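Descriptive analysis of the structure
Below, each chain spelled out in residue letters.
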Amino acid sequence: MNRNEAFNLAASALGLDPNADLRIGGNYTSLLQEDHLIYISGQIPRIGDVVMVTGRVGEEVSVAEAQRAAEICVMRALTLSLQHLGDLDKLKRVLRMNVYVQSANGFTQQSEVADGASNLLRKILGEAGVHTRTSVGVFQLPKNAAVEIDMVIALHRSAPA
């Protein structure tokens, strides 16, 4: 199975329409390309107008629910990339991912939450999905989202600049 097929399967499983416009909530751009790098702004687990997973992980939200939120966030980032490039094969590799987890007091499993996104990237992109990562517990995220993810992705030199 190629990247685009794997992406479509994962999008379908999560209920995400890869052709839909992705809503942003401010005066910024969701994706910025500079030479052969793509910077993707923080993505929360929003499908359409609904933030699918809200609240503090370790309190109202389980680790499994937060992992699903991380999957939705990373799929939004890949959707933005696909809409910009037209083909996920133009991605050379994911360089960096930052995962912010709205955490309950004493919750220390941020890296396990981030594994939801990391595992899905690897499943869709193969070796190109292996990345550096930071996972951080935070007090609050926009729209009460349980998770927010931003990314930096390298493109093949033949990809449009």
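Structure first, text after, so check above.
Residues numbered from 1 in each chain as written. Predicted model: local features only at pLDDT ≥ 70, side-chain atom pairs only at ≥ 80, totals over all residues. Heavy atoms only, no water.

1. What about the overall build of the protein chain?
In terms of helices and strands, the protein chain carries three helices and seven strands. In the protein chain, the order of α-helices and β-strands from amino to carboxyl end is α-β-β-β-β-α-β-α-β-β. Here the protein chain has a C-alpha radius of gyration of 15 Å; the compact-globule value for 161 residues is 15 Å, and the two agree. Dimensions of the protein chain along its principal axes, counting C-alpha atoms only, are 45 × 30 × 30 Å. By residue count, 48% of the 161 residues in the protein chain fall in the buried class. For the protein chain, the accessible area works out to roughly 7,800 Å², and carbon and sulfur atoms hold 48% of it. (Helix = DSSP H or I, 4+ residues; strand = E, 2+ residues; numbered from the N terminus. Rg over C-alpha atoms; globule rule 2.2 N^0.38 Å. Buried < 20%, exposed > 50% of the residue type's maximum accessible area, 1.4 Å probe, protein only. Areas by Shrake-Rupley, 256 points an atom, 1.4 Å probe, with all protein chains shown as cover.)

2. Looking at the sheet that holds strand β5 (residues 91-102)
If you trace the five strands from one edge of the open sheet to the other, you get β1-β2-β7-β5-β6, paired in mixed fashion. Looking along the sheet, the strands with just one partner apiece sit at the ends: β1 (31-34) and β6 (132-138). Sheet twist, expressed as the mean angle between neighbouring strand axes with direction ignored, is 15°. Here β1 pairs with strand β2 (residues 37-43) via four bridges, running antiparallel. (Pairing = 2+ DSSP bridges. Axes fitted to C-alpha atoms, helices over the stretch in contact; angles between N-to-C directions.)

3. Focus: the packing of helix α1 (residues 3-14) against helix α3 (residues 110-125)
Where α1 meets α3, the axes come as close as 8 Å, and the angle between the chain directions of the two elements is 140°. Judged by the angle between their axes, α1 and α3 are oblique. Contacts between α1 and α3 pair R3, A6, F7, A10 and L14 from the former with L120, K123, I124 and L125 from the latter. A breakdown of the residues in the contact of α1 with α3 according to their chemical character gives seven nonpolar, no polar and two charged. (Parallel < 35°, antiparallel > 145°, perpendicular 65-115°, else oblique. Contact = heavy atoms within 4.5 Å. Nonpolar A, V, L, I, M, F, W, Y, C, P; charged D, E, K, R; others polar.)

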